[in-house]
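What follows is each chain in one-letter form.
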Protein chains: 2
Amino acid sequence: MLAAALRDGTAHRQTTFEVFARRLPDGRRYGVTGGTGRLVEALPEFTFGGDELDALADVLDDDTLAYLADYRFTGDIDGYPEGELYFPGSPVLSVHGTFAQCVLLETLALSIFNHDTAIASAAARMVSAAEGRPLIEMGSRRTHEYAAVAASRAAYLAGFTGSSNLEAERRHGVPALGTSAHAFTLLHSSEGQSAADGEKAAFRAQVEALGVDTTLLVDTYDITAGVAHAIEVAGPGLGAVRIDSGDLGVLARQVRAQLDGLGATGTKIVVSGDLDEFAIAALRAEPVDLYGVGTSVVTGSGAPTASMVYKLVEVDGLPVEKRSSHKESHGGRKQAVRLAKESGTIVEEIVHPAGHPPEIPQDLIGRPVTVPLVRDGRPVADLGLDAGRDRVRQGLRSLPWDGLKLSKGDPAVPTRMIAPRRGR
Amino acid sequence: MLAAALRDGTAHRQTTFEVFARRLPDGRRYGVTGGTGRLVEALPEFTFGGDELDALADVLDDDTLAYLADYRFTGDIDGYPEGELYFPGSPVLSVHGTFAQCVLLETLALSIFNHDTAIASAAARMVSAAEGRPLIEMGSRRTHEYAAVAASRAAYLAGFTGSSNLEAERRHGVPALGTSAHAFTLLHSSEGQSAADGEKAAFRAQVEALGVDTTLLVDTYDITAGVAHAIEVAGPGLGAVRIDSGDLGVLARQVRAQLDGLGATGTKIVVSGDLDEFAIAALRAEPVDLYGVGTSVVTGSGAPTASMVYKLVEVDGLPVEKRSSHKESHGGRKQAVRLAKESGTIVEEIVHPAGHPPEIPQDLIGRPVTVPLVRDGRPVADLGLDAGRDRVRQGLRSLPWDGLKLSKGDPAVPTRMIAPRRGR
């Protein structure tokens, strides 16, 4: 496309591409915008070096290779700040520049948004289901090695307390948290020694290295014996025990009673093992202090991609749109306003032609959602994760009560699309 | 774990960790091992540099930091060569070395295997459903930007013809293939000009840049008009047309008749748009020449992770295993033999203690599946994708007929686990 457009000159037409999702994943009631910060940070690195150009030399003509050699995105981007809720049709990103400038960003922008948004959206449901109890992301091993770092960041954006991914701490400041694995206990078994002695040796080694404020994994052999060994080794000041298998609700109650009986009333209970938002909600009444969540959060809990698309909506200032079949896109550069009652509860999302905001009914408050993110290729917004975490918190508070239901349903609020004033 | 094990000396015990899946994804009948080549290639790069050590300086003691600074995997690895079928319990990877050496590889090994195996397993079902028709992987934009490159490689391993991901060609030699997007047609619309003129201008630009052997996307406005414009511009020697929306079977038949009527009998039909293995199978009777597959293949078609685990099975030559609850692991270092009839159809997978192969019944052929992959940290096997593609082809041919069914069912063959001679 780039080669052909450079050849006939259309590559230099001014365009706007928009990123949006035609629908939320099956039965979800809201989504959380994720990836904005990562995309903006990736822009200066998204260039074509010698290795890349060599690999393309056989398939591209000289003009196209020269264009790529100089490529650096210098256009403008508007969109939803990271952590904002979104709904079907919400223009979460709006990229402005020449066709050549913008078309090259498609895969980068969509890959980042489809991944990070899928994880943040699933993670937010877990945070909401946990009702204030902390969650740790522990799923690195269940997804691609680099996706894992981004997944950890997206889960933290959505309200997780931290992650076991150390690279996510180094790269994105996500607090690193973790416990030990069964392998560590098994490692300490020796020939002719009982399982109990091996387990105690493992606990002793961990406490000596990390202090009593650590988390001991108590379900390698027998949980009741494991808890007894943990307190015997660490004393009643032990930080926490982790249970990774079995009927977690029943076990949490038993372990809580056992810990209290041993005087370890301050020792916390961490549960993990195939938890998703539904399992987390089901444990609300149990004495659980912290959830460790793996597979389900890094795979988007059934929705591993946000199904966002990158569509050309404007050429040289005029709206364009595809007409075939049911896959309709809406032409023209757009912005969004979110309407709320005075209580803060949102009631409608309005997507309108850019620069032409709708009139807001007197009894409602209209908040513009679209903000400038990039001007002339440079970031112009606060892209920090702390600001994003605040937005998710506020967003969850702003949903009507049935928007927080975990069951399948319609989007929490309707989206109204106001058509552009003229089309082609 | 590393810090505590270095402190008490257990870090230097000789261990074996195994990678296996307790079950196949819901109702799948076989899996395809993916990621072996990527893991072995990643080993020399998996080190801890200055930036990483600085980031860990606050949480780790000096001995642990020194260990990490010198870290490089120098142990041995056995396992299933890439492209081999696997079943529940198959020991697809067996990592041998000190505890410290091996425990650090856990997340790397599992991330690569869980991702690549999930994609290869889904892709193989699509290849099988396509019954010899070629498939292109086009899903980069629906998954994390680096996962996309690995997904493209895994789809090619499983038998896809190529991918639209250029980086996968550069890095892994996956043939790059692709078409244009609706944006390219929309770009060529101008004020006061008809949609037909814009579409023809776009087709002309593409044919001028890439020749008549290109693939024109005909469904931006009206498909029948699009096909007419495509042949008008490119002539009856046009390479292919692509249909990306609508009822693909019906449209393929209509477009085939239209192309034939225009004398373009050699022009191929490419279909795309939310295809998965079921949609591909449903199009078997239609005049489709090539499938473009996106979201479903890069997300594992409902199973985005292979749920593989990395478990300690041997310490200082003795089997170890976890005993709590239902999450059983089987101790001891293992290998596998696959039994087949003389016809080549497989009948059973036998997982046995390493070095103690079972007796093979006279009427069956037993093929050892486990091979040496790494010795002293260096690759010792053919890790090329061509060999892997051959293995997938042979594997699919070796399945009993109901193993190829797309419907949910049991694993195609049973797995027999032979217990180690002694445990702890």
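Not measured: the values here are computed from a predicted model.

A. Seen up close, the UniProt feature "domain: Nicotinate phosphoribosyltransferase N-terminal" (unreviewed entry) in chain A. UniProt tags residues 1-114 of chain A as "domain: Nicotinate phosphoribosyltransferase N-terminal" (unreviewed entry). Strand forms 19% of residues 1-114 of chain A and helix 39%; the C-alpha atoms that close the span are 23 Å apart.

B. Highlighting the sheet that holds strand β16 (residues 365-368) of chain A. All names here are of chain A. One open sheet holds the four strands; their spatial order is β16-β14-β15-β19, and the pairing between them is mixed. Two strands close off the open sheet at either side, each with one partner strand: β16 and β19 (415-417). Averaged over all pairs of adjacent strands, the angle between their axes in this sheet comes to 25°, without regard to strand direction. Taken together, the seven bridges between strand β14 (residues 334-340) and strand β15 (residues 346-353) define a ladder with antiparallel strand orientation. Following the sheet pairing, Val337 is matched in β15 by Ile350.

C. A look at the relation of the copies chain B and chain A. For the match of chain B to chain A, the screw axis carries a shift of 0.0 Å, the RMSD comes to 0.0 Å, and the turn is 180°. Here the transformation between the copies is reduced to the relation of a two-fold axis. In this assembly the copies share their binding face: 100% of the residues contributing to the interface of chain B also contribute to that of chain A.

D. Region of interest: the side chain of Arg125 of chain B. Residues and elements named next belong to chain B. Structurally, Arg125 is set in helix α6 (residues 106-130). Under the relative-accessibility criterion, Arg125 is labelled buried at 7%. One polar contact links Arg125 to Glu277, side chain to side chain, over a distance of 2.9 Å. The residues contacting Arg125, other than those within four sequence positions of it, are Arg28, Tyr30, Glu277, Phe278, Lys405 and Leu406.

E. Up close: the pairing of strand β5 (residues 93-98) of chain B. Residues and elements named next belong to chain B. For β5, the tally of buried residues reaches six of six residues, placing the bulk of the element in the interior. With six bridges joining them, strand β1 (residues 14-21) and β5 adopt antiparallel strand pairing. In the strand pairing of β5, Gln14 is matched with Thr98. In this structure, strand β3 (residues 76-79) lies alongside β5, joined through four bridges in antiparallel fashion. Within the sheet, the bridge partner assigned to Asp78 lies in β5 and is Ser94.

F. Region of interest: the sheet that holds strand β15 (residues 346-353) of chain B. Residues and elements named next belong to chain B. Pairing in this open sheet of four strands is mixed, and the strands run β16-β14-β15-β19 from one edge to the other. Each edge of the sheet is formed by a strand with only one pairing partner; in this case those strands are β16 (365-368) and β19 (415-417). Ignoring strand direction, the axes of neighbouring strands in this sheet form an average angle of 25°. In this structure, β15 lies alongside β19, joined through three bridges in parallel fashion.

G. Region of the structure containing the pattern of salt bridges. Summed over all chains, the structure comprises 46 salt bridges over all chains. Put simply, Glu82 of chain A and Arg153 of chain A hold a salt bridge, and the shortest N to O gap is 2.8 Å. Remark: Arg153 of chain A occurs in helix α7 (residues 147-157) and Glu82 of chain A occurs in the loop between β3 (76-79) and β4 (85-86); sequence separation between them is 71 residues. Residue class for Glu82 of chain A comes out buried when judged on its relative accessible area of 5%. On the basis of relative accessible area, Arg153 of chain A is assigned to the buried category, the value being 2%. For Arg38 of chain B, the salt bridge identified is with Asp116 of chain B, shortest N-O distance 2.8 Å. Of this pair, Arg38 of chain B sits in helix α2 (residues 36-42) while Asp116 of chain B sits in helix α6, and the two are 78 residues apart along the sequence. The pair Arg38 of chain B / Asp116 of chain B is uniform in exposure class, with both members buried.

H. Spotlight on the environment of Leu404 of chain A. Residue and element names in this part refer to chain A. Here Leu404 shows up in the loop between α15 (385-398) and β19. Since its relative accessible area comes to 31%, Leu404 is described here as partly exposed. Separated by 275 residues in the primary sequence, Leu404 and Ala129 place their C-alpha atoms 8.6 Å from one another. The residues touching Leu404, leaving out its near neighbours within four places in the chain, are Tyr30, Ser128, Leu396 and Leu399.

Rules used in this analysis
Residues numbered from 1 in each chain as written. Chains lettered and ligands numbered in written order. Predicted model: local features only at pLDDT ≥ 70, side-chain atom pairs only at ≥ 80, totals over all residues. Heavy atoms only, no water. UniProt positions renumbered as here; feature names shortened; annotations may be inferred. Helix = DSSP H or I, 4+ residues; strand = E, 2+ residues; numbered from the N terminus. Pairing = 2+ DSSP bridges. Axes fitted to C-alpha atoms, helices over the stretch in contact; angles between N-to-C directions. Least-squares fit on C-alpha atoms with pLDDT ≥ 70 in both. Contact = heavy atoms within 4.5 Å. Buried < 20%, exposed > 50% of the residue type's maximum accessible area, 1.4 Å probe, protein only. Polar contact = N/O pair within 3.5 Å; in protein donor to acceptor, adjacent residues only side chain to side chain. Salt bridge = Lys/Arg side-chain N within 4 Å of Asp/Glu carboxyl O.

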